[in-house]
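Here's the letter readout for the chains.
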Amino acid sequence: MAAPRKPDQPEFYQRSVLERIDCTPSVGSWMRTPVSFQAGGYLHPAKPKNLEILGLPNGHAWSPLDEDWKLPADWERIVLDGLRERLESSRTLRIFMETCVRCGACAEKCPFYMGSGDPKNMPVLRAELIRSIYRKYFTVTGRVLGELAGARELTPEVIKEWFKYFYQCTECRRCAVFCPYGIDTAEFTMLGRDLLLRLGISANWVMEPAANCYRTGNHLGIQPQGIKDSLEFLADELEEVTGVRVEIPINRKGADILFVTPSGDLMADPGTYTAMGYLALFHELGLNYTFSTYASEGGNFGLFASPELMKRLNAKIYAEAKRLGVKWILGGECGHMWRVVHQYMDTMNGPADFLEVPISPVTGTRFEHARGTKMLHIAEFTADLIAHGRLKLDPSRNAAVRATFHDSCNPARSMGLLEEPRAVLRSVCREFHEMPEDTIRERTLCCGGGAGLGADENMEVRLRAGMGRGKAVAYVRDTHAVNTLVTICAIDRATLTTVCDYWAEGVHVAGLHELVGNALVMKGEKPRTENFRREPLGGGE
Amino acid sequence: MLRAGRHLSLHLGGALGAVVVACAVPALIARLLGARWPLLVVAVAVLVVLAFATTFVWKVLRWMRAPVAFRIPLTVGQQKSIASVSHSRGGNPHSAGEVLLRVLLDIVLFRPLFRATPTAPGTARGLSHGMGRWLWFMAVTFHASLLIIVLRHLRLFLSPVPALVAVLERFDVATEMVLPKVHLTSVVFPLALLLLLGRRLLLMRVRYISLAADYFPLLLMLAIASTGLVMRHVARTDVISVKQAIMGLSTWAPASTSRPDIWLVIHVFLVGVLLVYFPLSKLMHMPGVLLSPTLTMANSNRERRHINPRNPDVVTMHYADYEDVFRDRMIEAGLPVEKASQGK
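Parameters at a glance
Residue numbers restart at each chain and count upward from 1, following the sequence in its written direction. Whichever chain is written first is A, and whichever ligand is written first is 1; the rest continue in order. Reporting of local features is limited, given that this is a predicted model, to residues whose pLDDT is at least 70; pairs of side-chain atoms are given and counted only at 80 or more, and all residues count toward the totals for whole chains, interfaces and linings. Strands here are runs of E lasting at least two residues and helices are runs of H or I lasting at least four, both read from the DSSP assignment and numbered beginning at the N terminus. In this scheme every C-beta is placed from the backbone, and a residue whose C-beta has 20 or more other C-beta atoms within 10 Å is buried, one with 12 or fewer is exposed, and one in between is partly exposed. By definition, residue pairs are in contact when their C-beta atoms, positioned from the backbone, come within 7 Å. The size measure is the radius of gyration over C-alpha atoms, and the globule rule it meets is 2.2 Å times the number of residues to the 0.38 power. Two strands form a pair only when DSSP identifies at least two bridges running between them. Between N-to-C directions, angles cover 0 to 180 degrees, with each direction set by a line fitted to C-alpha atoms, over the stretch in contact for helices. Boundaries of every domain are those given by an automatic assignment or by a domain database. Amino acids are sorted into nonpolar (Ala, Val, Leu, Ile, Met, Phe, Trp, Tyr, Cys and Pro), charged (Asp, Glu, Lys and Arg) and polar (every other residue, Gly among them).

Focus on the overall build of chain B
Logical step 1: Check the secondary structure of chain B and you find 14 helices and two strands.
Logical step 2: Here chain B holds 344 residues, and the buried ones make up 33% of them.
Logical step 3: When contacts within chain B are restricted to residue pairs at least 6 apart in sequence, those whose partners lie at least 24 apart make up 63%.

What about the overall build of chain A?
Logical step 1: In terms of helices and strands, chain A carries 23 helices and eight strands.
Logical step 2: The C-alpha radius of gyration computed for chain A amounts to 23 Å, which stays within 12% of the reference 24 Å derived for 541 residues, consistent with globular compactness.
Logical step 3: Along the three orthogonal principal directions, the C-alpha set of chain A runs to about 75 × 50 × 40 Å.
Logical step 4: In chain A, which comprises 541 residues, the share counted as buried stands at 64%.

Re the sheet that holds strand S6 (residues 431-432) of chain A
Residues and elements named next belong to chain A.
Logical step 1: As summarised here, the arrangement of the four strands in space is S6-S5-S7-S8, forming an open sheet in which the pairing is parallel. Taken across any chain shown, the strands that pair with only one partner, and hence form the sheet edges, are S6 and strand S8 (508-511).
Logical step 2: Of the strand pairs in this sheet, strand S5 (residues 402-406) and strand S7 (residues 484-487) are connected by four bridges, and their pairing is parallel. Its bridge partner lying in S7, Phe-405 is registered against Val-486.
Logical step 3: In the packing of helix H22 (residues 490-503) onto the sheet, the strands contacted are S5, S7 and S8, and the crossing angle to S8 comes to about 165 degrees.

So, the domain arrangement of chain A
Residue and element names in this part refer to chain A.
Logical step 1: Here the domain parsing of chain A yields domain 1 (14-202) and domain 2 (211-519).
Logical step 2: For domain 1 and domain 2, the distance between their C-alpha centres works out to 30 Å.
Logical step 3: Residue-level contacts link 27 residues of domain 1 with 29 residues of domain 2.
Logical step 4: Secondary structure elements with two or more residues in the side of domain 1 that touches domain 2: helix H2 (48-53), helix H5 (111-116), helix H9 (174-178) and helix H10 (185-198).
Logical step 5: Residue contributions to the side of domain 1 that touches domain 2 peak at five residues, all from H5.
Logical step 6: Its residues assigned to classes, the side of domain 1 that touches domain 2 comprises 13 nonpolar, nine polar and five charged.

Some details on the interface of chain A and chain B
Logical step 1: Chain A puts 106 residues into the contact, and the matching count from chain B is 92 residues.
Logical step 2: Among the residues forming the side of chain A that touches chain B, the class breakdown is 46 nonpolar, 29 polar and 31 charged.

Quick word on unusual backbone geometry
Residues and elements named next belong to chain A.
Logical step 1: Here Asp-269 and Pro-270 are connected by a cis peptide whose omega angle stands at -5 degrees.
Logical step 2: Considering the arrangement of structural elements, one finds Pro-270 in the loop between helix H13 (264-267) and helix H14 (271-285).
Logical step 3: A cis amide bond, omega -5 degrees, links Gly-350 with the succeeding residue Pro-351.
Logical step 4: Within the element layout of this structure, Pro-351 appears in the loop between helix H16 (335-349) and strand S4 (375-377).
Logical step 5: Backbone geometry at Arg-441 places phi at a positive 50 degrees, although glycine is not the residue there.
Logical step 6: Locating Arg-441 in the fold gives a position in the loop between S6 and helix H20 (459-465).
Logical step 7: We classify Arg-441 as buried; it has 23 C-beta atoms within 10 Å.

Now the structure itself:
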């Protein structure tokens, strides 16, 4: 194969080069190490028009490669006022500012440090990038002793460094698992990005989906008729595979359940196969549900920008549930969507007192653990169906699948959704092999592309951060002939496809409900010969 | 390497200098002390404890004044959800009691550090360059021996000596045969400090992140431990008379007129420095960890709403505005709308 030579393509990078990681820190003090940007290693700046759509200030044209980033005139004041405001409104930040002992337990737990050896990718140092400014401007010792107290001046160089390193963190929280105080670097990354955004400094791969979501209801900017077309297309595909025609309710008032899933699942492989799985399942159950075009996004790129933006985008879900008069909300397979739904939604946009406690219309299970937020994860819903024996499943249809399961960072470490998807997976697929212990569940490794990092232009960053996961996948491929990486996250489905192609060739990525849909025996179906991907079923031998 | 030396010399040098000064000051003061020294010691001690307590409380109150904006527990085990899945109480607490269990595991047993196993063979080989559970071992031995030593010292302040302290004392004595008795912690505590210091200096990435604030407490505690050991095993300071002098003071009957041992003055002064420094430093991880929202909050997020008192009002895109933009296209696609089209 002729190797393309562009830094936004995986083929541009040689494995042997990426694997040669020098973890010896560069000499000198990190405070004096200048920041540099190279193609493949940074995200494109947010286009001013996207900030404009969201009504955010200081949008301007700039490039990481420029000497002058054209920061607003009073940029120091904006940053320091922002920092003060955040400190005053978050005990979490106050404690995390002052309790770190720099033991370095987090250091080599970070997929970005593991894959790059860049010392500023050690979570402790990523946090110190902000703590050093905090000490200088908010503590007496920092003001008086300066560098000796770990304090430094706020300069444009600091802003560049923040942009580089807060966009080399997927907010995956793996470091926090190993921190004796539970210091969560994601909090610093969120803070840093929030402060940068106030200067008009952000990544387009974050702000374009956010602007789209604000305007059209979803990250991809699909308009209502486009959503209908996409769903109809999936229904056509499903009919060709199963012989069953499914109805797809959209914006339907009077439905019992509002279904919200990441829009990526409606548009691009392999997410579309997962969406077909949802459609097949809901049809088979005769679920009284509806999609929404206004709230057509489960994901929330506001999470990767600022708490306010997260709240603005998330508000649509409850607003739409209220307008349509549904009883409760069911959420699809998505990682960061569930971080928002589980840990932020009720606090920001609740209380959802106009909804009812989710009750499965099939099994009658009352989901008490979701009685406040009134939103249920589809893996919980399906695992409950399976536990009650209410699904007719034929795992032999997935006989060609030898699966392993990638815990997505957010459902694993910000929710604890670990066994529900495994229970489902075991019921629909006979061959399931776990990756090594320290790469799954709460210690799961990174896809390398979450939190707005899934762009092509920072391909080197993604391949490096995905190295650990990729090698763990290659390990089960080599030891158990695993050929499918199952995951419950739309970003994973996109980014891990790249990671697997590069580090674990021959393994493809599938959603959980793709396998459910394939195994699901539907009333009135024709004999199945193909899976949702239109590949012949591998069973029968 | 010259510049690497600069980083190290600034922070290690700064810390070392501070400890040397902290040792020199009391050594000089000791020469000036007269017969009324117990009074002076107690007066300073009262000030030091007051400074420690007030700063400590002020710091914690300052933390507490800020609201916990979001409930963001870090989950390290299976959530409580459906009946068929068994819930990990210690890894994913759902109730207050389970939070307590988690705190016990994470904070008392240092579980997060215990998780640091080297990356499994064959998976990410070459990626793992951690030290496995060594840091856990150092942290546990350091904190445990520090706790025992602090409790052991209570015998110098309390009369009668509490039973617990006496039992601890017996438990801590490793070598009954040797005279004088050597405490286990007398060996383990300085050793743990040296290991922690050695790790900081020898592990290049940890040296790279280390500040004076990281070396200073280690060096200070080494100095405190050393002077303590000198008193016990070399200078053979008469602690009974020290206790009598101090206890006598509390009943306004000073028993000692002799000048105090210089090692004792340094030892006590350094402890004072540590106490004053404590609430101004990273040592506040002690109360901090007990308030850390990731470790001490129940993961009952979807069950009970967490209130953020500063939940800001934000501008959102309302459905009506959305429909206004897309109404014609929605009608054309056969999607239901709230308002009929008003035409172009």
